[in-house]
Amino acid sequence: MSPAKRAPCRSPSIRVRRMTAADAAAAADLSGQLGYACAPAEMRARIRGLRKAAHTVLLAAESVGGAVIGWAQAEERHLLETGRFAELTG
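Residues numbered from 1 in each chain as written. Predicted model: local features only at pLDDT ≥ 70, side-chain atom pairs only at ≥ 80, totals over all residues. Heavy atoms only, no water.

A. Just the sheet that holds strand β3 (residues 68–79), in detail. Sheet architecture is open: four strands sit in the order β1-β2-β3-β4, paired in antiparallel fashion. Strands with a single pairing partner mark the edges of an open sheet, and in this sheet they are β1 (14–18) and β4 (83–88). Each strand of the sheet is rotated relative to its neighbour by a mean of 25 degrees, with strand direction disregarded. Across seven bridges, the pairing between strand β2 (residues 56–63) and β3 is antiparallel. Residue pairing for β3: Ala61 is matched across the bridge by Gly70. Against the sheet, helix α2 (residues 40–51) engages β1, β2 and β3, with an angle of about 125 degrees to β2. (Pairing = 2+ DSSP bridges. Helix = DSSP H or I, 4+ residues; strand = E, 2+ residues; numbered from the N terminus. Axes fitted to C-alpha atoms, helices over the stretch in contact; angles between N-to-C directions. Contact = heavy atoms within 4.5 Å.)

B. Just the side chain of Gln73, in detail. Summarising the element assignment, Gln73 is placed in strand β3. For Gln73, a relative accessible area of 13% corresponds to the buried category. Here Glu75 takes part through its side chain, which lies 2.9 Å from a polar atom of the side chain of Gln73. (Buried < 20%, exposed > 50% of the residue type's maximum accessible area, 1.4 Å probe, protein only. Polar contact = N/O pair within 3.5 Å; in protein donor to acceptor, adjacent residues only side chain to side chain.)

Written out as structure tokens, the structure reads:
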């Protein structure tokens, strides 16, 4: 199926939004679960820095109750062989 014909992903129980510095503790906890330990204060600094980056987007997945249950980082890439695209980097 071509990308233009794919149905959007919708879930009544998960909301995806831009990550903010207020998500630092949850993001640090989730990163630690994957083996990438990070203090909430350090994660907050990273989030603040990356939110300013022109070619990066940070997303948080939130449960109905508002708990952050996942996150993703994507970066814009420009490669000679493929042109412009977004790559999930975290």
